[in-house]
There are 8 protein chains.
Amino acid sequence: MKIGRGHKLLFIGDSITECNRTKGKDNELGAGYVSYVNALLQVNYPEMGIRVINKGVSGNTVRDLKERWQEDVMHERPHWLSILIGINDVWRQYDTPFMKEKHVYLDEYEETLRTLVTETRHSVEGIILMSPFYIESNKLDAMRCTMDQYGSVVKKIAKETNSLFVDIQEAFDRLLKFFYPASLAWDRIHPSAPGHMVIAQAFLDAINFDWKKEL
Amino acid sequence: MKIGRGHKLLFIGDSITECNRTKGKDNELGAGYVSYVNALLQVNYPEMGIRVINKGVSGNTVRDLKERWQEDVMHERPHWLSILIGINDVWRQYDTPFMKEKHVYLDEYEETLRTLVTETRHSVEGIILMSPFYIESNKLDAMRCTMDQYGSVVKKIAKETNSLFVDIQEAFDRLLKFFYPASLAWDRIHPSAPGHMVIAQAFLDAINFDWKKEL
Amino acid sequence: MKIGRGHKLLFIGDSITECNRTKGKDNELGAGYVSYVNALLQVNYPEMGIRVINKGVSGNTVRDLKERWQEDVMHERPHWLSILIGINDVWRQYDTPFMKEKHVYLDEYEETLRTLVTETRHSVEGIILMSPFYIESNKLDAMRCTMDQYGSVVKKIAKETNSLFVDIQEAFDRLLKFFYPASLAWDRIHPSAPGHMVIAQAFLDAINFDWKKEL
Amino acid sequence: MKIGRGHKLLFIGDSITECNRTKGKDNELGAGYVSYVNALLQVNYPEMGIRVINKGVSGNTVRDLKERWQEDVMHERPHWLSILIGINDVWRQYDTPFMKEKHVYLDEYEETLRTLVTETRHSVEGIILMSPFYIESNKLDAMRCTMDQYGSVVKKIAKETNSLFVDIQEAFDRLLKFFYPASLAWDRIHPSAPGHMVIAQAFLDAINFDWKKEL
Amino acid sequence: MKIGRGHKLLFIGDSITECNRTKGKDNELGAGYVSYVNALLQVNYPEMGIRVINKGVSGNTVRDLKERWQEDVMHERPHWLSILIGINDVWRQYDTPFMKEKHVYLDEYEETLRTLVTETRHSVEGIILMSPFYIESNKLDAMRCTMDQYGSVVKKIAKETNSLFVDIQEAFDRLLKFFYPASLAWDRIHPSAPGHMVIAQAFLDAINFDWKKEL
Amino acid sequence: MKIGRGHKLLFIGDSITECNRTKGKDNELGAGYVSYVNALLQVNYPEMGIRVINKGVSGNTVRDLKERWQEDVMHERPHWLSILIGINDVWRQYDTPFMKEKHVYLDEYEETLRTLVTETRHSVEGIILMSPFYIESNKLDAMRCTMDQYGSVVKKIAKETNSLFVDIQEAFDRLLKFFYPASLAWDRIHPSAPGHMVIAQAFLDAINFDWKKEL
Amino acid sequence: MKIGRGHKLLFIGDSITECNRTKGKDNELGAGYVSYVNALLQVNYPEMGIRVINKGVSGNTVRDLKERWQEDVMHERPHWLSILIGINDVWRQYDTPFMKEKHVYLDEYEETLRTLVTETRHSVEGIILMSPFYIESNKLDAMRCTMDQYGSVVKKIAKETNSLFVDIQEAFDRLLKFFYPASLAWDRIHPSAPGHMVIAQAFLDAINFDWKKEL
Amino acid sequence: MKIGRGHKLLFIGDSITECNRTKGKDNELGAGYVSYVNALLQVNYPEMGIRVINKGVSGNTVRDLKERWQEDVMHERPHWLSILIGINDVWRQYDTPFMKEKHVYLDEYEETLRTLVTETRHSVEGIILMSPFYIESNKLDAMRCTMDQYGSVVKKIAKETNSLFVDIQEAFDRLLKFFYPASLAWDRIHPSAPGHMVIAQAFLDAINFDWKKEL
């Protein structure tokens, strides 16, 4: 398994990552995929003492990540860093088409993400880049097309920077052969519990998690 | 215009019709298409004294309408009756596929709706039947296909019973050439203000509303 | 229709314009005439991509508009600007006659409004000036008389500055032949849904809105 | 002073009488004219031990009083009874003209009030009948005209049954020479503190209250 | 009557004066004696246009008045000023005897009050000084004795500065022959509605208010 | 110590006994003297396994105890029973003198209490009767005089029925030589924490509690 | 995998099973092990269409299960039934030792559980019995000893009735070699997210869940 | 008794000391051992006029005390100072083992506490040092072992600085022969009312409190 003994693993992203972590108390990890990843890491690798941190903030685009990168990433000095961003960058172009000041187009997205990853790459053991996704099975759908473009950019940057790439969109696509989108996410964006488990599984597979490890 | 002087016009349906009418006070008509229809009727036909009543209830299927028909329709003795039902009948099949007890399949839908309309037809001046809709432009989408079948049933019953048919799905389809679904309804079901105006316009056109009437 | 493709249309005013826009979320346009105007523009002119912005603030007089003009109007760089102000300027003279510091008398009103309109006129495509109103049919009523004076000032400034003038008071007066004031506004100021539709209609007629436009 | 030692004085009516008595705790008399009457009776006639009871209920018409008369009046066995009813009977005809089921027209008003007063007259020391009112100075206003008719009916019944009549409308009319209606009641119905004092004064004058009594 | 046409009358003091004025909205005068005084002034002298202002703050001692005197009194430029302070100065000595930092002893009270009155005397038409009070009929009670000393100081300063003195303690003492303290104030400090009317009456008598004035 | 191993000790009374036990959760004993008695019993006699139950209800008089006696006392089958009642029986006569239906005069109090104690005496190991009290040092105060009469009745019934009598009034009187009433109870009725400790001490002394017992 | 296509799997138990399922909306499965089991089943076996139902109720003992068995189990007609009960049966003996009416001792526990399982065994495909547990590593701890006895009873009944037995206590014991109890459950009872994952894993292993299944 | 006439006794610590003092109003002392100590001091030594102050803050470690020492201790100038700290210093090491930034290890604890006590010793009459505790009877439990080490450090510092040492752990150990930990503290840390009485007793014994003192 890639994460090492006593390592700090930091997740940054938008509301998918946040998943209510700022509500209630004793809830630093939220109730979504970050919490699932942590639970499975603690239970299967209790001897490793891995520290998981959630820095997801609802509504964020890559532009917002840039603003809080120094404080929320660099200052925390993680060993591993996972980034899941881009959904709002695309979504705002489709749900509020006239509020152009909220749109983050592909150029800005690519440039900003590349800068963040490149500048951080040598301060950490490794970076995991997850593709943004849209739980829509029609690949000709306009917003799905755009999201796929953003996903391709993530894949490209992962390759350039020798980061791990996790294709969340593909993981959902496999399930969409069996489920209608509305049963995995009421608005095709925010996953249900099974949807968050899809992300957790894809993430853990990417870091060579052993699902059948004996204590 | 079809609605007569001093007539009572009753709308029944689900959350699209309800639109928060049960929340807050002095809000009997809700904040959606029923309120818009009423506002336009009062403003363009102030001399008519038309009474509009909203009996939408969130989450309802045609099975629920049947249960409350006696109290919420017959007991109110409206002159005109408008029905917009079927969205939840279809949606539950797709967002909670395993809770089969909540699904209302096409046969039950058709039989129940036909019975309600037939039994009521002669107690009122007229009935307006609106098609259920799904704000999804991909006509091959599974849920859209099913919704279209339910819409066809509504059209058939309208014809059989000499009711007015209003094709809400078609009205939304016209706009979907210009807008992405998410900008008309965050979950492709519950319309934004412009979405509700689409329904109101389609309804008013069906009853020969004069948009340029002078006082 | 006067508003052009991709144009930004900004409404500024008091609680009539605000209409709860600051309450709840995803409610930037409020629930009143601004929302109706936007809905009808989007639905009848979807190909135009018009952006509507609501900058109404409850309780505002023209003195308050002046204070926030730079930030809320100039900074937003709208193509079209609609102003509906003056109701509180008058009302405070009648409901709290002894709190003179809250009164904005006719001279100050005229001078302030003229300055704002004049200074802005050349930065925008056009300005729409709506008359303040009082939903009181007795034209001899003291507060109605004062309100009519303020309305005349608005008309005069519209003429001087080549702005569009919309006579909201007259639009309400037409309806007051059929309705008692209390049924259009519980306090003769804050309109019900039909009352807001009156304002929306008058506004849209002034910009040559086509009510029967085909898509 | 007419009220005797140890007597129970019961006020019944609508929201003007209720004045929030059902909200908060230790607030049985509300915050309006009933509380003022009680305060002045206790302070100027502390030796009398008069018990004041408030049975106002918001939104009530004379039709509602009839329904709760047995429990809220007869069962309480007051020595003196004060009735202020009719405002909602009239108001509903003007603010919700199409909800005719909520209107109480003059015939029903007169008949119901006369029955209640006549049946109760011999169980009590005395009855005070207060006129319903509308804080509108224009006597030609439609709702004011109707309210005046209802007031005349109250005066007639007072005479027939040998009850005390208190002309609240006239008391407000005297003040309307100095104040604009909005400063005495924001909706011309629900009085401000000074408005409630007007009612309290008129009531107390009618029962020969001594304003300058020495202890 | 002493207060002149168009004059501003400002009340300052502690929770007795405040009486919830900071809670709810449209409640600038609170629900206690200040509101009663205003109501009676407006109703009996509507032609005078008197402006009443409430600057009571819960828990205040004379030490607190001194801190906010510049802003809450001088800055408001009243014609008449009424002061009711001292209850908390005394009470804290008895209910929290060990928190000595909250006690304001007689020397500090006298010196501070004299300074405030003297410095303000020539900026206003007149000052009304009301005695602090304790609704306790046993004049040998320790806290009553102390309160009476503070009342004497107020009387002395009134005389020195040619201010009006209103003996609220004496007004309550008259009523205590008839009522047990608990029925005028649950904690012997905060008056019920009749208790506030006692203060209002005493104040109004002191300024020669005409209780029977005709309009 | 009188309470035996494994015994159930039930306290019944008014708000002094209840002390918020019905608010919050895991708070069955409230925050007053019952909780203190229980804490001291558990800590000094942990080997005894004594079960304490609180059945105080705010606002109760002896008339209310009678109504719930069967359910709240007999049905619980306690070994020991402690009763502290009478404060509201007296207080209502003084704070709401005109609401005579809420007063419980001495005859009814004595008769009801005697009946309850007599009927229960042989079902329990012992009964503790605590005197009602008023934290007022002036023994000539009207309400204090009345309270003392009720206390004498409790003492008499204790003697007749061979119950333990605890003189809470006397316990407070000892402290009133040092403290002003307001520092022990803001309204002279509801004790502060030290006031509740006075009751707990008096109760525990009456059952021969050993304050210095070694474990 | 043991659960068949289209099967209904019902979980019954106490707060561990409930895990807030009754709070919020769209939360029928709660946020604990039941939700995790469902997520993993849906994601790894999407083709199976398994319906999971949560009938956990906070605070329940086996005595409570018996009362609601007919409605919550038999009436639902599940194919598979999972039971996790006994924690409160034991806990109440230790945290509220004197409230004996809340204790369920071993005899009653065994007899009740055996009856429920035996009566239901032939109506379902299979029953999974999970051991109650206490996250305490000291096996000599009194409550841990008792809990182990209850666990043995569950194991015995599983064997007698040919049910699957899942040893949750053992699963936690394995982790307690690495973690201090407080990090798995703040009160040694209610698991954190990792603790719930332990239960989910143990359950899924018992039904031969394939952790690496390909879609 | 050690505390002198008119002395100020200040308690500082964590949530055990705070015990909700910051919630609700008129609750400066909280509802735990500080309130019990104060109640018993006031009741048994009313002639002494001792002022008790609570400066407990939930979640505090000795590191937090150091930060607020100047303001919360030195600035208050107490005569006696009681310190109960260390529970969170230890607990965080066990309930959130990976958040190492929240752990306060033994060296830092000892050095910080010694510095605070030493620097303060000569400004006060005396210091009482209470041992941190863990209501766990198994002395081999890892967290109990660590807590005992911290307790030894407190004892050592007490000796070095001639402070009073109160062994709270030992006081709880005596009770743990009779009670299971869960009945004294649901999480083995936060005491029930009897648990707080244990602390109060131990504290009072240490200052030679006379439990049977006569007034």
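Quick caveat, the model's predicted, so the values are computed rather than measured. (Residues numbered from 1 in each chain as written. Chains lettered and ligands numbered in written order. Predicted model: local features only at pLDDT ≥ 70, side-chain atom pairs only at ≥ 80, totals over all residues. Heavy atoms only, no water.)

A.B. asks: Even after reading the chapter, I still don't get the overall build of chain A, so can you show me in this structure?
C.D. replies: On a plain count of helices and strands, chain A comes out with nine helices and five strands. In chain A, the succession of α and β elements from N to C terminus is β-α-α-β-α-β-α-α-β-α-β-α-α-α. For 215 residues, the compact-globule estimate of 2.2 N^0.38 gives 17 Å, and the C-alpha radius of gyration of chain A, at 16 Å, lies within 12% of that figure. Seen along its three principal axes, the alpha-carbon backbone of chain A occupies a region of about 50 × 40 × 35 Å. Counting only residues that meet the buried cut, chain A has 63% of its 215 residues in that class. (Helix = DSSP H or I, 4+ residues; strand = E, 2+ residues; numbered from the N terminus. Rg over C-alpha atoms; globule rule 2.2 N^0.38 Å. Buried < 20%, exposed > 50% of the residue type's maximum accessible area, 1.4 Å probe, protein only.)

A.B. asks: Sorry, what's going on with the pairing of strand 4 (residues 126–130) of chain H here?
C.D. replies: Look at any regular strand and the pattern is simple: side chains alternate between the two faces of the sheet. All names here are of chain H. Counting buried residues along strand 4, five of its five residues qualify, which places the element largely inside the surrounding structure. Here strand 4 shows two buried faces, one formed by Gly 126, Ile 128 and Met 130 and the other by Ile 127 and Leu 129. The sheet contact formed by strand 3 (residues 80–84) and strand 4 spans five bridges and is parallel. Its bridge partner lying in strand 4, Leu 81 is registered against Ile 127. Viewed along the sheet, the connection from strand 4 through helix 6 (residues 142–160) into strand 5 (residues 164–166) turns out right-handed. (Pairing = 2+ DSSP bridges. Right-handed = clockwise from strand over helix to strand, strands pointing away.)

A.B. asks: I tried to follow the relation of the copies chain D and chain C on my own but got confused; where do I start?
C.D. replies: Both copies of the chain are related through a single rotation about an axis accompanied by a shift along the same axis. Rotating chain D by 180° and translating it 0.0 Å along the rotation axis places it on chain C, where the RMSD comes to 0.0 Å. Interpreted geometrically, this transformation is the action of a two-fold axis. Among all residues of chain D, the minimum C-alpha distance to the rotation axis is found for Asp187(D), at 2.4 Å. In this assembly, 100% of the residues forming the interface of chain D have copies in chain C that are likewise at the interface, indicating an isologous arrangement. (Least-squares fit on C-alpha atoms with pLDDT ≥ 70 in both. Contact = heavy atoms within 4.5 Å.)

A.B. asks: Looking at this model, I keep getting lost on helix 2 (residues 33–44) of chain E. Mind explaining?
C.D. replies: Residues and elements named next belong to chain E. Between its terminal C-alpha atoms helix 2 stretches 16 Å, which fits the 16 Å expected from 12 residues at 1.5 Å a residue. Counting buried positions over the 12 residues of helix 2 gives 12, a clear majority of the element. Every buried residue of helix 2 is listed here: Tyr 33, Val 34, Ser 35, Tyr 36, Val 37, Asn 38, Ala 39, Leu 40, Leu 41, Gln 42, Val 43 and Asn 44. (Expected span 1.5 Å × (residues − 1).)

A.B. asks: How should the pattern of salt bridges be read in this particular structure?
C.D. replies: Once the charged atoms of two side chains with opposite charge are near each other, the side chains can pair. Throughout the structure, instances matching the rule amount to 136 salt bridges over all chains. Notably, a salt bridge pairs Asp148(D) with Arg144(D), separated by 3.0 Å at the nearest N-O pair. Taken together, the residues span about one helical turn, with Asp148(D) and Arg144(D) both in helix 6 (residues 142–160) at a distance of four residues. Relative accessible area serves as the criterion here: at 2%, Arg144(D) is assigned to the buried category. Through salt bridges that share partners, Glu110(A), Arg114(A), Lys156(A) and Glu160(A) make up one connected network. (Salt bridge = Lys/Arg side-chain N within 4 Å of Asp/Glu carboxyl O.)

A.B. asks: Would you take a moment to explain the packing of helix 7 (residues 168–176) of chain E against helix 8 (residues 193–206) of chain E for this structure?
C.D. replies: A pair of packed helices can be characterised by two numbers: the angle between their axes and the separation between those axes. Residues and elements named next belong to chain E. Between helix 7 and helix 8, the shortest axis-to-axis distance is 10 Å and the interhelical angle comes to 130°. In this view, helix 7 runs oblique relative to helix 8, as classed from their interaxial angle. For the element pair helix 7 and helix 8, the recorded crossing hand is right-handed. Within the contact between the two elements, helix 7 uses Ile 168, Ala 171, Phe 172 and Leu 175 and helix 8 uses Gly 195, Val 198, Ile 199 and Ala 202. Tallied by class, the residues present in the contact of helix 7 with helix 8 amount to seven nonpolar, one polar and no charged. (Axes fitted to C-alpha atoms, helices over the stretch in contact; angles between N-to-C directions. Parallel < 35°, antiparallel > 145°, perpendicular 65-115°, else oblique. Left-handed = near helix turned anticlockwise from the far one by under 90°. Nonpolar A, V, L, I, M, F, W, Y, C, P; charged D, E, K, R; others polar.)

A.B. asks: Help me out: how do you make sense of the packing of helix 5 (residues 106–121) of chain C against helix 6 (residues 142–160) of chain C in this one?
C.D. replies: Residue and element names in this part refer to chain C. Their axes nearest at 10 Å, the elements helix 5 and helix 6 cross at an angle of 25°. Comparing the axis directions of helix 5 and helix 6 gives the class roughly parallel. Note on packing geometry: the crossing formed by helix 5 with helix 6 is right-handed. From helix 5, Leu 106, Tyr 109, Glu 110, Leu 113, Arg 114 and Val 117 reach across to helix 6, where they touch Gln 149, Tyr 150, Val 153, Val 154, Lys 156, Ile 157 and Glu 160. In the contact of helix 5 with helix 6, the residues fall into eight nonpolar, one polar and four charged.

A.B. asks: Teacher, can you tell me more about the relation of the copies chain A and chain G here?
C.D. replies: Mapping chain A onto chain G calls for a screw motion: a turn of 180° about the axis and a shift of 0.0 Å along it, with 0.0 Å RMSD after fitting. When you check the interface residues of chain A against chain G, 100% turn up at the interface there too, and the contact is symmetric in its surfaces.

A.B. asks: Is there a simple way to explain the interface of chain A and chain G in this structure?
C.D. replies: Residue-level contacts link 23 residues of chain A with 23 residues of chain G. Carbon and sulfur atoms supply 77% of the area buried between chain A and chain G, which totals about 2100 Å² over both sides. Across the chain A-chain G interface, the total number found is two salt bridges. Of the charged contacts, one joins Asp205(A) and Lys212(G) as a salt bridge, the two residues approaching to 3.8 Å between their closest N and O atoms. Summed over the shared surface of chain A and chain G, the number is two residue pairs in polar contact (both at pLDDT 80 or more). For the side of chain A that touches chain G, the secondary-structure elements that each account for two or more residues are helix 2 (33–44), helix 7 (168–175) and helix 9 (193–206) of chain A. (Buried area = accessible area lost by both parts, 1.4 Å probe. Polar contact = N/O pair within 3.5 Å; in protein donor to acceptor, adjacent residues only side chain to side chain.)

A.B. asks: Please explain the sheet that holds strand 4 of chain H as it appears in this structure.
C.D. replies: Sheet strands associate in pairs through backbone hydrogen bonding, adopting either a parallel or an antiparallel arrangement. Residues and elements named next belong to chain H. With parallel pairing, the five strands of this open sheet are ordered in space as 2-1-3-4-5. Because the sheet does not close on itself, it has two edges, and the strands there are strand 2 (51–56) and strand 5. Across the sheet, the axes of successive neighbouring strands diverge by a mean angle of 15°, strand direction being ignored. The pairing of strand 1 (residues 8–13) with strand 2 spans six bridges and is parallel. Counterpart to Lys 8 in the pairing with strand 2 is Arg 51. The strands touched by helix 9 (residues 193–206) within the sheet are strand 1, strand 3, strand 4 and strand 5, with strand 5 carrying the most contacts at an inclination of about 155°.

A.B. asks: Where do I start with the packing of aromatic side chains in this structure?
C.D. replies: Geometrically, a pair of aromatic rings is defined through the distance of the ring centres and the angle of the planes. Per the stated rule, a full pass over the model turns up 76 aromatic pairs over all chains. With a centroid separation of 4.7 Å and 45° between ring planes, the pair formed by Tyr109(H) and Tyr150(H) is classed as tilted. Residue Tyr109(H) is located in helix 5 (residues 106–121), and its partner Tyr150(H) is located in helix 6; the two are separated by 41 residues in the primary sequence. Judged by its relative accessible area of 0%, Tyr109(H) falls in the buried class. By way of ring pairs, the aromatic residues Tyr45(A), Phe209(A), Trp211(A), Tyr45(G), Phe209(G) and Trp211(G) are connected into one cluster. (Phe/Tyr/Trp six-rings, centres within 6.5 Å; stacked < 30°, edge-to-face > 60°.)

A.B. asks: I keep staring at the environment of Leu29(A) and nothing clicks. Help me out?
C.D. replies: Residue and element names in this part refer to chain A. Here Leu 29 is to be found in the loop between helix 1 (15–18) and helix 2. A relative accessible area of 19% means that Leu 29 is categorised as buried. Sequence separation between Leu 29 and Glu 18 is 11 residues, and the spatial gap between their C-alpha atoms is 7.7 Å. Not counting residues up to four positions away in its chain, the partners in contact with Leu 29 are Arg 21, Val 34, Ser 35, Asn 38, Val 52, Ile 53 and Asn 54.

A.B. asks: Looking at this structure, I do not really get the interface of chain D and chain C. What am I missing?
C.D. replies: Note on interface size: it is often stated as the accessible area lost on association of the parts. Each partner contributes residues to the interface: chain D has 18 residues there, and chain C has 18 residues. Here chain D meets chain C over a buried area of about 1300 Å², counting both sides, of which 59% is carbon and sulfur. Our count for the contact surface shared by chain D and chain C stands at two salt bridges. Inspection of the region where chain D meets chain C yields eight residue pairs in polar contact (both at pLDDT 80 or more). No other element matches helix 4 (residues 87–95) of chain D, which puts three residues into the side of chain D that touches chain C. Partitioning the side of chain D that touches chain C into residue classes produces 11 nonpolar, two polar and five charged.

A.B. asks: Looking at this model, I keep getting lost on the sheet that holds strand 2 (residues 51–56) of chain D. Mind explaining?
C.D. replies: Residues and elements named next belong to chain D. Taken in spatial order, the five strands make up an open sheet running 2-1-3-4-5, and their pairing is parallel. The two strands at the open ends of the sheet, each matched to only one other strand, are strand 2 and strand 5 (164–166). Looking at each pair of strands side by side, their axes are set apart by 15° on average, direction ignored. Against the sheet, helix 9 (residues 193–206) contacts strand 1 (8–13), strand 3 (80–84), strand 4 (126–130) and strand 5, and its axis sits at roughly 155° relative to strand 5.

A.B. asks: Just checking my understanding: could you explain the confidence of the model for chain A for this structure?
C.D. replies: Detailed reading of the predicted coordinates is not advisable wherever pLDDT falls low. Put simply, chain A has an average pLDDT of 96, and 100% of its residues get 70 or more. Predicted as a complex, the structure gets a pTM of 0.93 and an ipTM equal to 0.96. (pLDDT = per-residue confidence, 0-100.)

A.B. asks: Got a minute to help me understand the side chain of Glu18(D) in this structure?
C.D. replies: Residue and element names in this part refer to chain D. Note on placement: Glu 18 falls in helix 1 (residues 15–18). Buried charge without a partner: Glu 18 forms no salt bridge, and the closest opposite charge is Arg 21, 5.3 Å away. Of note is the side chain of Glu 18, whose polar atom sits 2.5 Å from the backbone nitrogen of Ser 58. Excluding residues within four positions of it along the chain, Glu 18 makes contact with Gly 30, Asn 54, Gly 56, Val 57 and Ser 58. (Lys, Arg positive; Asp, Glu negative; His and termini not counted.)

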